Amino acid sequence: SSGINAEYGVANGISSGLANNSVISKVNGVLWDLDRPLEGDCSIELLNFDSQEGKEVFWHSTAHVLGEAMERKYGGCLCYGPPIEGGFYYDISMEQSVCEGDYSGLETIMKNIVKEKQPFQRLVMTKEDLLEMFKYNEFKVRIINNKITTPTTTVYRCGPLIDLCRGPHVRNTGKIKALKVTKNSATYWEGNSEAESLQRVYGISFPDNKLMKEWKVFQEEAAKRDHRKIGLQQELFFFNELSAGSCFWLPKGTIIFNTLQKWIQDEYHKRGFTEVITPNMYNTKLWERSGHWQHYAENMFSFDVEKEKYALKPMNCPGHCILFGHRPRSWRELPLRLADFGVLHRNELSGALSGLTRVRRFQQDDAHIFCAPEQIVDEIRGCLDFLRAVYGILGFTYDLKLSTRPEKYLGEIEVWDDAEARLKKALDEFGEPWEVNPGDGAFYGPKIDITVKDALRRSHQCATIQLDFQLPIRFNLLYNAPDGTEKRPVIVHRAVVGSLERMTGVLTEHFAGKWPFWLSPRQVMIVPVMPMFNDYACQIRDKLHNQHIVVDTDLDDGATLNKKVRNAQLAQYNFIFVVGEKEQASGTVNVRTRDNVVHGEFTVEIVTEKLVKLRDSKSNVDNLE
């Protein structure tokens, strides 16, 4: 019934355990504070921390605790404090900089706030009262003036902190049983590098100390797998401040990059894609025509050329539209699948750059399929099959979501409904589980969001499949139909591995630097037991090299055999071939692995044949059988 805080009462009436474990409720599908009175007859769903929405609410509430602690410690002006994947942060404007030495002090204040069990109180206030309340904080005043379009809005009170917030929140701060400040950084107001510089503090929290212990173990394992660390250890890649966000690929790292690209190119050949090469920079008139300039200009590198403004391309689709439209097209050419590994640039903020996973210069397996509307289902099904084949080889599991029409969209509802129905049909025929993500489509068309899970069960978004009705209109793309009329194609934007840089970073951590043979930049190390067998080692090296096996020899006469073998294992060579008098006499090698599994003696011809077979199988298990 209405007028009572029925959510918590209902939970407590079932069991106190259910009530205590509930983080938040859903009332008629809308997130709702557990102590907020109901407003009519309704259905109630109780969510705990295990749910994604439960985590987000829990971390959002802890962000308010962090904000209160920051105000107490630093003064200053609080800005935004949202939940994020894996925790929360709060931004603050102040004269001083946050340092790691501040963490324990902030945590102490936060723990005291938790002990006080401060209730989260939802208050409705007028815009005028809010402007008066926050007149000391110019950032909150901007939010009130620019983002609040209704006469009233909500704030949440938590102890002495009152903050602009839609909520909802946990019942009180005592629900937070474990917390930690994890890192800090500098940032800009609303991500605008021309705006004020702010200090950002990140944190994590849990409703159970056991979960915090598990998180710490997970962080230790993740730190061991950090691709930036492994990249330096294995001499794969590095970054330099003189070109921030642009990777320097070393020879071994380039092997991985090229192997990934060649693999996808082979898949393109099987699946009817045609590779093209398009310009790196365009006159901004192109981006104005495509609509990107109006929405994306601040993320593009632009410059003047002979009194005209140009920009480096952040994506390939407008260039592919020019390519499609440069001559008349026939229905017989459709579907036309254009693939492009061209270099892309995006002007990411320096504070957002993070190794290979967030860069300014990158390449991706970008492709655009120009097709007739009736071909959409088959093309989407083909994209999904492509994805399954690639992710199966890499050892990834994945989740699929259909993101539907957003509130702000272009085009006719009937066209959107038809497109969404076609995507649903393709997903159903694909046969893997999927769910709807309502209202999260792009403004130009619905899309399928693909999230992969790595060996640590972390989520990464690399692939994308998107329908686009708007670019064909903007570029007036047409094809001659069988009945002699001109019709407009639909564009399918798709990428499977996505950015090769990002995917290399993800794979480095997924495999923990122990690359499977087919992708390894260090496949074989040949170790002669004595200097007199160096020539034989080099002969074998040359034979393997001619079969495009990545092979090295350790000819350091000053190192012992055991030392050479151990060095090769630590360097993550998949196989170590030991050669001496016996092997030279019989034309063989003695094979062992980086994990010290001894395979024994093989002739050079047989072991070469086995290695080629293993490489071509793209198995993630280094098995010579």
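Remember, predicted model here, so these are calculated numbers, not experimental data. (Residues numbered from 1 in each chain as written. Predicted model: local features only at pLDDT ≥ 70, side-chain atom pairs only at ≥ 80, totals over all residues. Heavy atoms only, no water.)

Grouped together as the largest cluster of nonpolar side chains are 55 residues, with contacts concentrated most on Ile380 and Tyr391. For this core, the element with the highest residue contribution is helix 13 (residues 376-394), accounting for ten residues. Residues within four places of Tyr391 in sequence aside, it is in contact with Phe396, Tyr398, Ile450, Val452, Cys462, Ala463, Val496 and Met503. (Core = buried A, V, L, I, M, F, W, Y, C linked by side-chain atoms within 4.5 Å. Buried < 20%, exposed > 50% of the residue type's maximum accessible area, 1.4 Å probe, protein only. Helix = DSSP H or I, 4+ residues; strand = E, 2+ residues; numbered from the N terminus. Contact = heavy atoms within 4.5 Å.)

Turning our attention to the side chain of Thr553. Relative to the assigned elements, Thr553 resides in strand 30 (residues 551-553). By relative accessible area, Thr553 is classed as buried at 19%. Apart from residues lying up to four places away in sequence, Thr553 is in contact with Met525, Ile526, Ala537 and Arg541.

This brings us to the packing of aromatic side chains. Throughout the structure, instances matching the rule amount to 24 aromatic pairs. Consider the rings of Phe49 and Trp59, whose centres lie 5.8 Å apart with planes at 85°: the pair is edge-to-face. Of this pair, Phe49 sits in the loop between strand 3 (44-48) and helix 3 (52-74) while Trp59 sits in helix 3, placing them ten residues apart in sequence. With centroids separated by 5.1 Å and ring planes inclined at 80°, the aromatic side chains of Phe443 and Tyr444 adopt a geometry described as edge-to-face. Under the relative-accessibility criterion, Tyr444 is labelled buried at 17%. The positively charged end of Arg36 is found above the aromatic ring belonging to Trp32, 3.5 Å away from the centroid. Positioned above the aromatic ring of Phe324, the side-chain terminus of Arg329 is 5.2 Å from the ring centre. (Phe/Tyr/Trp six-rings, centres within 6.5 Å; stacked < 30°, edge-to-face > 60°. Lys NZ or Arg CZ within 6 Å of the ring centre and 35° of its normal.)

For strand 22 (residues 397-403) and strand 24 (residues 447-453), the ladder comprises seven bridges, and the chain directions are antiparallel. The residue of strand 24 that forms the bridge with Ser403 is Lys447. Where strand 22 and strand 23 (residues 434-437) come together, four bridges link them in parallel fashion. Bridging across to strand 23, Leu400 finds its partner in Trp434. Handedness of the β-α-β unit built from strand 22, helix 14 (residues 413-430) and strand 23 comes out right-handed. (Pairing = 2+ DSSP bridges. Right-handed = clockwise from strand over helix to strand, strands pointing away.)

Think of a disulfide as a covalent bridge from one cysteine sulfur atom to another cysteine sulfur atom. Overall, the coordinates contain zero disulfides when judged by the stated rule. Summary of cysteine pairing: Cys165 is not part of a disulfide, and the nearest cysteine sulfur, belonging to Cys158, is at 11 Å. Looking at Cys165, the relative accessible area reads 8%, which means it is buried. Not part of a disulfide, Cys383 finds its nearest cysteine sulfur in Cys371, a span of 9.0 Å. (Disulfide = S-S within 2.5 Å.)

Turning our eyes to something else, we now look at unusual backbone geometry. Residue Pro168 follows Gly167 across a cis peptide bond; omega there is -5°. By secondary structure assignment, the location of Pro168 is in the loop between strand 9 (161-164) and strand 10 (178-188). A positive phi angle, near 65°, is found at Asn596, a position not held by glycine. In this structure, Asn596 sits in the loop between strand 32 (588-593) and strand 33 (598-603). Taking the relative accessible area as the measure of exposure, Asn596 reaches 46% and is therefore partly exposed.

Attention now moves to a nonpolar patch on the surface. A surface patch of nonpolar side chains, about 340 Å² in accessible area, is lined by Val529, Met530, Met532 and Leu561. Exposure remark for Leu561: the relative accessible area of 31% places this residue in the partly exposed category. (Patch = residues over 30% accessible without salt bridge, like charges linked within 9 Å, V, L, I, M, F, W, Y side chains within 5 Å. Areas by Shrake-Rupley, 256 points an atom, 1.4 Å probe, with all protein chains shown as cover. Salt bridge = Lys/Arg side-chain N within 4 Å of Asp/Glu carboxyl O.)

Moving on: the sheet that holds strand 2 (residues 30-32). Spatially, three strands are ordered 2-1-3 in an open sheet, and the strand pairing comes out antiparallel. A single partner strand is all that each edge strand has here, and the edge strands are strand 2 and strand 3. Averaged over all pairs of adjacent strands, the angle between their axes in this sheet comes to 35°, without regard to strand direction. Sheet analysis places strand 1 (residues 22-27) next to strand 3, joined by five bridges and oriented antiparallel. Looking at the pairing, Ser25 lines up with Leu46 of strand 3. Helix-sheet contacts for helix 3 involve strand 1, strand 2 and strand 3, and the interaxial angle to strand 1 is about 115°. (Axes fitted to C-alpha atoms, helices over the stretch in contact; angles between N-to-C directions.)

Further remarks concern the pattern of salt bridges. Any two side chains of opposite charge can pair if their charged atoms end up close together. One pass over the structure, following the stated rule, counts 40 salt bridges. The shortest N-O distance in the salt bridge between Asp226 and Arg228 comes to 2.9 Å. Here Arg337 and Glu379 are joined by a salt bridge, their closest N and O atoms 2.9 Å apart. You can see Arg337 sitting in strand 18 (residues 336-340) and its partner Glu379 sitting in helix 13, a full 42 residues away along the chain. On the accessibility criterion, Glu379 (8% relative accessible area) is buried.

This next bit is on the packing of helix 17 (residues 534-546) against helix 20 (residues 604-617). Relative orientation of the contacting elements helix 17 and helix 20 amounts to 35°, with a least axis distance of 11 Å. Judged by the sense of rotation from one axis to the other, the crossing of helix 17 with helix 20 is right-handed. Along the contact surface, helix 17 presents Tyr536, Ile540, Lys543 and Leu544, while helix 20 presents Val604, Glu605, Thr608 and Leu611. Residue classes in the contact of helix 17 with helix 20 are distributed as five nonpolar, one polar and two charged. (Left-handed = near helix turned anticlockwise from the far one by under 90°. Nonpolar A, V, L, I, M, F, W, Y, C, P; charged D, E, K, R; others polar.)

Moving on, we come to the environment of Arg405. Along the chain, Arg405 falls in the loop between strand 22 and helix 14. Between the alpha carbons of Arg405 and Val591 there is a distance of 58 Å; along the sequence they are 186 residues apart. With near-sequence residues (within four places) excluded, Arg405 lies in contact with Ile413, Trp416, Asp417, Glu420 and Gly439. In this structure the side chain of Arg405 is engaged in a polar contact, spanning 3.2 Å, whose partner is the side chain of Asp417. (Polar contact = N/O pair within 3.5 Å; in protein donor to acceptor, adjacent residues only side chain to side chain.)

The pairing of strand 31 (residues 575-579) with strand 32 spans four bridges and is classified as antiparallel. For Ile576, the partnering residue across the bridge sits in strand 32 and is Arg592. Bridging between strand 32 and strand 33 involves five bridges; their strand directions are antiparallel. Bridge pairing in strand 33 places Asn590 opposite Glu601. The loop that links strand 32 with its antiparallel partner strand 33 comprises four residues; one of these, Asn596, has a positive phi angle of about 65°.

Next up on the list: a positive patch on the surface. On the surface, a cluster of positive charge is contributed by Lys111, Lys115, Lys213 and Lys216. Tracing the backbone through its elements, the reader meets Lys213 in helix 7 (residues 209-225). We classify Lys213 as exposed; its relative accessible area is 60%. (Lys, Arg positive; Asp, Glu negative; His and termini not counted. Charge placed at Lys NZ, Arg CZ, Asp CG, Glu CD.)

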